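Coordinates in review
So you can see what is in the structure, the chains are spelled out below.
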Amino acid sequence: MIDIVCVDRSGRRWALVPVGGTVRARLVAGTCSPAVMAVDELVRAHGPLVLSLAAHPQCAGACAAFVDTVDLVASDPETASVEQIRAVSAFARRILTAD
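These remarks concern the structure in this document. (Residues numbered from 1 in each chain as written. Predicted model: local features only at pLDDT ≥ 70, side-chain atom pairs only at ≥ 80, totals over all residues. Heavy atoms only, no water.)

**Notes on the pairing of strand E3 (residues 22–29)**
Working note: regular strand, side chains alternate between the two faces of the sheet. Bridge count between strand E2 (residues 13–19) and E3: seven bridges; the pairing is antiparallel. Bridge pairing links Leu16 to Ala25 in E3. Examined bridge by bridge, E3 and strand E4 (residues 36–38) share three bridges and lie antiparallel to one another. Considered in E4, the bridge of Arg26 is made with Val36. Here E3 folds back onto E4, and the loop between the two strands holds six residues, one of which, Gly30, carries a positive phi near 110°. (Pairing = 2+ DSSP bridges. Helix = DSSP H or I, 4+ residues; strand = E, 2+ residues; numbered from the N terminus.)

**Topic: the nonpolar core**
By size, the foremost hydrophobic cluster in this structure holds ten residues: Ile4, Cys6, Trp14, Leu16, Ala25, Leu27, Cys32, Met37, Val39 and Leu42. If near-sequence neighbours (up to four positions away) are discounted, Cys32 is found in contact with Arg12, Trp14, Leu27, Met37 and His46. (Core = buried A, V, L, I, M, F, W, Y, C linked by side-chain atoms within 4.5 Å. Buried < 20%, exposed > 50% of the residue type's maximum accessible area, 1.4 Å probe, protein only. Contact = heavy atoms within 4.5 Å.)

**Overview of the environment of Pro18**
Looking at the secondary structure, you find Pro18 in strand E2. In the structure, Pro18 is positioned 14 residues away from Ile4 in sequence and 9.9 Å away in space, judged by C-alpha atoms.

**Notes on the sheet that holds E3**
Read across the sheet, five strands follow the order E4-E3-E2-E1-E5 without closing on themselves; strand pairing throughout is antiparallel. The open sheet has two free edges, formed respectively by E4 and strand E5 (50–52), since each of these has just one partner strand. Taken over all neighbouring pairs, the strand axes of this sheet differ in orientation by 35° on average, direction set aside. Those strands touched by helix H1 (residues 39–46) are strand E1 (4–7), E2, E3 and E4, and its axis lies near 100° from that of E4. (Axes fitted to C-alpha atoms, helices over the stretch in contact; angles between N-to-C directions.)

Function-wise, these values are silent; they only describe arrangement.
Written out as structure tokens, the structure reads:
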């Protein structure tokens, strides 16, 4: 199941798919070798990525809510709850750290 589609700086489209405890990227439009890689590898090699929330309307509400949380933590951290800050931090760490 494809949850989110993103586009890299070269215009290739990637499906972000949860696999076990990680997120993998699968090429769905364009050419690239390898066509499947870990998201952190994708960001290092072809980032930044632009995420498309329209790919799956059923997850758009949850994604939009998380974007609101990220915006709150970034723009007004004094009013963000500890749980909101932890959620944003955990998401950033999953993207930026290689396991």
